[in-house]
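Descriptive structure summary
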Amino acid sequence: MEEYMLPCLNKKLFGIECMGCGLQRSIALIFDGEFAAAFHMYPAVYTLIILFGLVAFNTFSNFKYANKIITILAVLNGVIIVGNFVAKTFIIN
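Okay, so let's go over this structure. Because the structure is predicted, anything quoted here is derived from the model rather than measured.

**Structural notes on the overall build of the protein chain**
- Check the secondary structure of the protein chain and you find five helices and zero strands.
- Ordered by position in the sequence, the α and β elements of the protein chain form the string α-α-α-α-α.
- When its C-alpha atoms are laid out on the principal axes, the protein chain stretches across 45 × 30 × 25 Å.
- Taking all 93 residues of the protein chain together, 25% fall into the buried category.

**Here's the deal with the pattern of salt bridges**
- Counting across every chain of the model gives two salt bridges.
- The structure contains a network of salt bridges with shared partners spanning K11, E17 and K88.

**Side note on helix α5 (residues 66-92)**
- For α5, which comprises 27 residues, the first-to-last C-alpha distance of 36 Å matches the rise-based estimate of 39 Å (1.5 Å per residue) to within 8%.
- Residues A66, I70, L73, N77, I81, N84, F85 and K88 constitute the buried set of α5.
- Of the surrounding secondary structure, the elements contacted by the buried residues of α5 are α4 (45-60).

**Focus on helix α2 (residues 23-31)**
- Inspection of α2 places S26, A28, L29 and I30 among the buried residues, and these make up the whole buried set.
- Next to the buried residues of α2 lie α3 (35-41) and α4.

**A look at the environment of I72**
- By secondary structure assignment, the location of I72 is in helix α5.
- For I72, a relative accessible area of 58% corresponds to the exposed category.
- The spacing of I72 and L51 is 21 residues in sequence and 9.5 Å in space, taken between C-alpha atoms.

About the criteria used
Residues numbered from 1 in each chain as written. Predicted model: local features only at pLDDT ≥ 70, side-chain atom pairs only at ≥ 80, totals over all residues. Heavy atoms only, no water. Helix = DSSP H or I, 4+ residues; strand = E, 2+ residues; numbered from the N terminus. Buried < 20%, exposed > 50% of the residue type's maximum accessible area, 1.4 Å probe, protein only. Salt bridge = Lys/Arg side-chain N within 4 Å of Asp/Glu carboxyl O. Expected span 1.5 Å × (residues − 1). Contact = heavy atoms within 4.5 Å.

As structure tokens, this is what we get:
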């Protein structure tokens, strides 16, 4: 499956990872049943799945606090993604 994955153009052109690097591999690891490895690869994967699931559910069936929950999850995902990017780019390397 890895041979069909898209390469990160940001990493190829500029030599640094983008904020989405690792998401494809993380999803592939989830399908393989390696949940801890998926989290290590891209920490925001599970909160993104929950966010997109709630957005899809809210599209077909509105529930009372949907906008607040989706906003909180979106902000949480942004913090996790930016924090992971900063950690990988400036702290770990």
